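Residue-level structure breakdown
Here are the chains, one letter per residue:
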Amino acid sequence: MNAAVKDAVLQSAGPAGPTVFQHPLFRPLAALALLLLVDFLLIPGFFRLEVKDGHLYGSLVDIVNRAAPLMLAAIGMTLVIATRGIDISVGAVVALSGTVAAMLIGGTMVINDGVPEYVAKTPMALALLAALGVALLCGLWNGALVAGLGLQPIVATLILMVAGRGLAQLLTDGQIVTVYYQPFFFLGSGYLLGLPFALFVVVAVFAVTSLLLRHTALGLFIQAVGVNPVAARLAGIRTAALVVFVYVFSAACAGMAGLMISSNVKSADANNAGLLLELDAILAVTLGGTSLAGGKFSLVGSIIGALIIQTLTYTIYSLGVPPEVNMVVKAIVVFLVCISQSDRFKSLGKRRAA
């Protein structure tokens, strides 16, 4: 069979061929489905859901609830990677925002009509705004270094990765700051309409981001910068402002994740909060189909990638496997993802398919 006939066969089989298998979300969805199947077979009652005190409980609800901070970080990381960048300071921003909120809120016991209760040192709304403001400043710092000074993204964000967590440790003197103010706990462990409130926060951020990317020129501009930043600048796109924006947005998502984590554990641990979260976020984004070379990205894929990571973690812990194995598995997954995105691997796969 000569080349012309072979091309004709492939073209004729293409539209009616395995289009489902070629969909960008097929692989992450298949991986998630495989993990859920393993859990169904090995973990008794994995899919069981029950209602207690008007709240929905179960393994699936627990996975989604615990994956909420990672999903937020992955949404922000998606836009950064789409512009050929990287942000490894996400974990430090999580620790810093959680620390600021915990220190400002705290909790002081007072007696009202003979009943002891805790009140916040600072109004909670103001404390949350201050924590998010710190996160935005962190993002502005990263964006200025990358877009303004032209530093490599991994180097620019490495500075904040070290300095941000160090600053959080300085603020707390290396100690865990405990929060006693009850309304603050609702953000990370509260329920709304029977579902975790953290899930509603993720849905809101995802919806707003999707609307901006789909119904404005923002998504097209980000894709253009990721494909070719020089051509995008020559086409009139303000690439520097766009790069600053994606880093600020990533830091804002990390700041919200930090508030969620500190609210869930009722404290701020500058030493461990958000530790290695940036690596999980990068892995979630790449698992979802976003190209590390920039340009191609998928918010839905990043959400699925975050669910894959959290489901994998839940499976390992539930089966009694040592936690250290989780890191090894993630390392293997990172290796496979990077290999699958290499040009040589893609060309080899196309040749074998032909």
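A short tour of the structure in this document, coming up.

Calculation notes
- Residues numbered from 1 in each chain as written.
- Predicted model: local features only at pLDDT ≥ 70, side-chain atom pairs only at ≥ 80, totals over all residues.
- Heavy atoms only, no water.
- Helix = DSSP H or I, 4+ residues; strand = E, 2+ residues; numbered from the N terminus.
- Buried < 20%, exposed > 50% of the residue type's maximum accessible area, 1.4 Å probe, protein only.
- Contact = heavy atoms within 4.5 Å.
- Areas by Shrake-Rupley, 256 points an atom, 1.4 Å probe, with all protein chains shown as cover.
- Salt bridge = Lys/Arg side-chain N within 4 Å of Asp/Glu carboxyl O.
- Core = buried A, V, L, I, M, F, W, Y, C linked by side-chain atoms within 4.5 Å.
- Phe/Tyr/Trp six-rings, centres within 6.5 Å; stacked < 30°, edge-to-face > 60°.
- Lys NZ or Arg CZ within 6 Å of the ring centre and 35° of its normal.
- Patch = residues over 30% accessible without salt bridge, like charges linked within 9 Å, V, L, I, M, F, W, Y side chains within 5 Å.
- Expected span 1.5 Å × (residues − 1).
- Polar contact = N/O pair within 3.5 Å; in protein donor to acceptor, adjacent residues only side chain to side chain.

1. Brief notes about the overall build of the chain
- When helices and strands are counted, the chain shows 15 helices and eight strands.
- The buried share of the chain, reckoned over its 354 residues, is 44%.
- Across the chain, contacts joining residues at least 24 apart in sequence account for 75% of those joining residues at least 6 apart.
- For the chain, the exposed surface amounts to about 18100 Å²; the carbon and sulfur share of it is 69%.

2. Brief notes about the pattern of salt bridges
- One pass over the structure, following the stated rule, counts two salt bridges.
- The salt bridge partner of glutamate 50 is lysine 52, with a shortest N-O separation of 3.6 Å.
- The class of glutamate 50 is partly exposed, set by a relative accessible area of 38%.
- With a closest N to O distance of 3.1 Å, arginine 66 and aspartate 62 form a salt bridge. Here aspartate 62 and arginine 66 lie together in helix H3 (residues 59-82), a separation of four residues that amounts to about one turn.

3. Structural notes on the nonpolar core
- Judged by nonpolar contacts, the single largest core of 82 residues is most densely connected at Met71, Leu72, Met77, Val90, Val179, Phe184 and Ile222.
- Ranked by the residues each element gives to this core, the list is headed by H3, at 13 residues.
- If we ignore the near neighbours within four places in the chain, the residues touching valine 179 are Ala102, Ile105, Gly106, Phe184, Phe185, Lys266 and Ser267.

4. Digging into the packing of aromatic side chains
- This model, assessed by the stated rule, comprises six aromatic pairs.
- With 5.7 Å between their ring centres and 45 degrees between their planes, tyrosine 57 and tyrosine 191 make a pair best called tilted. One end of the pair, tyrosine 57, is in strand E2 (residues 55-58); the other, tyrosine 191, is in strand E6 (residues 191-192), and 134 residues separate them in sequence.
- In this structure tyrosine 57 comes out as partly exposed when scored by relative accessible area, which is 30%.
- Taken together, the ring pairs connect Phe40, Phe46, Phe47 and Tyr314 into an aromatic cluster.
- For lysine 266, the ring lying beneath its charged end belongs to phenylalanine 185, and the centroid distance is 4.9 Å.

5. Regarding a nonpolar patch on the surface
- A cluster of nonpolar side chains, contributed by Leu34, Leu37, Val38, Phe40, Leu41, Leu42, Phe47 and Leu319, occupies part of the molecular surface with about 760 Å² of accessible area.
- Mapped onto the elements, leucine 42 comes out in helix H2 (residues 26-42).

6. Focus on helix H5 (residues 124-148)
- Given a rise of 1.5 Å per residue, 25 residues ought to cover 36 Å, and the 35 Å separating the end C-alpha atoms of H5 matches this to within 8%.
- Listing the buried residues of H5 in full gives Ala127, Leu128, Ala131, Ala135, Cys138, Gly139, Asn142, Gly143, Leu145 and Val146.
- Looking at the residues trailing H5, positive phi occurs at glycine 150, about 75 degrees.

7. Remarks on the environment of arginine 84
- Within the secondary structure, arginine 84 is located in the loop between H3 and helix H4 (90-105).
- Given a relative accessible area of 45%, arginine 84 falls into the partly exposed group.
- For arginine 84 and glycine 226, which are 142 residues apart along the polypeptide, the C-alpha to C-alpha distance reads 5.3 Å.
- Aside from chain neighbours lying at most four places away, what touches arginine 84 is Pro153, Gly226, Val227, Asn228, Pro229, Ala293 and Gly294.
- In this structure the side chain of arginine 84 is engaged in a polar contact, spanning 2.6 Å, whose partner is the backbone oxygen of glycine 226.
- Here the side chain of arginine 84 touches valine 227 through a polar contact of 2.6 Å, landing on its backbone oxygen.

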